Amino acid sequence: QVRLVESGGGSVQAGGSLRLSCTVSRYSINANCMAWFRQAPGKEREGVARMNSAGMSAYADSIEGRFTMSRDNAKNILYLQMDSLKPEDTAMYYCAARSGPYCLEFMDMRYWGKGTLVTVSS
């Protein structure tokens, strides 16, 4: 019954910005661990940002302070604001979730969206 649907991907030039959204159904984002992952062609999937039930977020080292995860509890929507985008950020971006208030690692995600594609040109 749980559904995660990403949107907001597209093509931008290096240095530009995008905001991704993840609309979640039948699952409370403020009661569980939520995260954003990405997978570039030919590369392993990696965690980008995660947030626990209290709204505390953490980011992969590769992000270097350029991304910000947030949420709208009333609408049950997650966001990923991406600034200063680089060609290396080009990937399919996925919203993911697992049950429980703790979110200490990028692992054991139970629910996944289908992804939204981000392409950054130089």
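Above this text is the structure in question.
What counts and what doesn't
Residues numbered from 1 in each chain as written. Predicted model: local features only at pLDDT ≥ 70, side-chain atom pairs only at ≥ 80, totals over all residues. Heavy atoms only, no water. Core = buried A, V, L, I, M, F, W, Y, C linked by side-chain atoms within 4.5 Å. Buried < 20%, exposed > 50% of the residue type's maximum accessible area, 1.4 Å probe, protein only. Helix = DSSP H or I, 4+ residues; strand = E, 2+ residues; numbered from the N terminus. Disulfide = S-S within 2.5 Å. Contact = heavy atoms within 4.5 Å. Polar contact = N/O pair within 3.5 Å; in protein donor to acceptor, adjacent residues only side chain to side chain.

Caption draft 1: A look at the nonpolar core. One finds M34, W36, L80, M82 and Y93 to be the most contacted residues of the largest nonpolar core, which totals 29 residues. Contributions of two or more residues to this core are made by β3 (18-25), β4 (33-39), β5 (46-51), β7 (67-72), β8 (77-82), β9 (91-98) and β11 (116-121). By size, the runner-up hydrophobic cluster in this structure holds six residues, among which are C33, A35, C103 and M109.

Caption draft 2: Representation of the state of the cysteines within the structure. Taken as a whole and assessed by the stated rule, the structure comprises two disulfides. A disulfide bridge connects C22 with C95, and the sulfur atoms are separated by 2.1 Å. Across the S-S bond linking C22 and C95, the dihedral sits near -80 degrees, which makes this disulfide left-handed. Residue C22 is located in strand β3, and its partner C95 is located in strand β9; the two are separated by 73 residues in the primary sequence.

Caption draft 3: Representation of the environment of R110 within the structure. Relative to the assigned elements, R110 resides in the loop between β9 and β10 (111-112). Note on R110: relative accessible area 58%, which makes it exposed. Along the sequence, R110 and R19 sit 91 residues apart, while their C-alpha atoms lie 24 Å from each other. Look past the residues within four positions of R110 in its chain and what remains in contact with it is A97, R98 and S99. A distance of 3.2 Å separates the side chain of R110 from the side chain of Y111, its partner in a polar contact.

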